[in-house]
Amino acid sequence: MHGTDEDHAKRAVARHAVDAYVTRDACIGLGSGSTMRYAIERVGELVADGARIRAVATSHETERLCHDAKIPLAVFGDEPIGIAIDGTDEIDPQWSLIKGGGGALFREKAVALAARIFVVIATERKCVERLGAFPLPVEVVPYATPFVAREIEALGASVTLRRSGYDGRAYVSDNGNAILDCAFGTIASPPILDRILREIHGVVSTGLFIGLTSAAFVSKPDGSVAALSHPAHGAATFSARA
Ligand code: 5RP
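Residues numbered from 1 in each chain as written. Predicted model: local features only at pLDDT ≥ 70, side-chain atom pairs only at ≥ 80, totals over all residues. Heavy atoms only, no water.

### Examining the site of the ligand
- Among the 17 residues in the neighbourhood of the ligand, the closest are listed as S34, T35, D89, K99 and G100.
- A104 is positioned with one of its backbone polar atoms (N or O) 3.1 Å from an oxygen atom of the ligand.
- Here the ligand loses 91% of its free accessible area of 380 Å² to cover by the protein chains.
- Its residues assigned to classes, the shell around the ligand comprises one nonpolar, ten polar and six charged. (Near = heavy atom within 4 Å. Polar contact = N/O pair within 3.5 Å; in protein donor to acceptor, adjacent residues only side chain to side chain. Areas by Shrake-Rupley, 256 points an atom, 1.4 Å probe, with all protein chains shown as cover. Nonpolar A, V, L, I, M, F, W, Y, C, P; charged D, E, K, R; others polar.)

### Thoughts on the packing of aromatic side chains
- Counted according to the given criterion, the structure contains two aromatic pairs.
- The residue whose ring lies beneath R162 is Y171, and the NZ or CZ to ring-centre distance is 5.5 Å. (Phe/Tyr/Trp six-rings, centres within 6.5 Å; stacked < 30°, edge-to-face > 60°. Lys NZ or Arg CZ within 6 Å of the ring centre and 35° of its normal.)

### Some points on the sheet that holds strand β7 (residues 136–140)
- Strand order across the open sheet formed by four strands is β8-β9-β7-β10, with antiparallel pairing between neighbours. Of all strands in the sheet, those bounded by a partner on one side alone are β8 (158–161) and β10 (203–206). Taking the axes of each pair of neighbouring strands and ignoring which way they run, one obtains an average angle of 30 degrees across the sheet.
- Bridge count between β7 and strand β9 (residues 178–183): five bridges; the pairing is antiparallel. (Pairing = 2+ DSSP bridges. Helix = DSSP H or I, 4+ residues; strand = E, 2+ residues; numbered from the N terminus. Axes fitted to C-alpha atoms, helices over the stretch in contact; angles between N-to-C directions.)

### So, the pairing of strand β1 (residues 25–30)
- Counting buried residues in β1 gives five out of six residues, a clear majority hidden from the surface.
- Relative to strand β2 (residues 52–57), β1 runs parallel, the two sharing six bridges. Following the sheet pairing, L30 is matched in β2 by A57.
- The pairing of β1 with strand β3 (residues 83–86) spans three bridges and is classified as parallel. By the bridge assignment, L30 is partnered in β3 with I85. (Buried < 20%, exposed > 50% of the residue type's maximum accessible area, 1.4 Å probe, protein only.)

Structure representation (structure tokens):
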């Protein structure tokens, strides 16, 4: 897909989800990443139009974008989150996700867990039959990183310590932790892998989001947006236009 087509699709799905789920007086969770930039832009328009929206941000970058868009910020835990919207790196037919490509997985999962409704927005290239082509991000306490990397390698993954694009040093998450990108290939059972990884001492959070998604929207390069049918109810159909 051409880069600008992908951007067009990201913008369409982000704006569609905000218009479908964000009410004019609400505390909402806002995820991180390039798709979410468009959702934040749309929320900013609603605020400029008088909506009383408070946002819990899932990363320093999202905080900054909210600040630029004049969206008031709320502290995580201070008030209930009605809906949270976030992008994803992969989504499978059960609505399990791999997230954390942008390194914000811990806070994104915190907000997804706390929200009453968690809405996922994706372009169609993020839809996969089985999770795992995208290396799974795992957030790790820095002291334990070499130990955790070996434990995960013993599970069969090829493990890479994420490095900063700027200076090549180890990437540091907003929580002061390291990220291991773990290439497992096709993941046979995301819930089992998630449980095994979380039992390793030093793992803070995994990028596997299991059983959290309440609704999912997917877009095509032409800007059409579909609400995915719930996993229990069969396959997706493209139905709506953004
Ligand atoms: C950040 C994330 C993002 O939601 C995910 O990486 C998708 O990003 P993008 O919208 O830029 O493709 O999990 O930690």
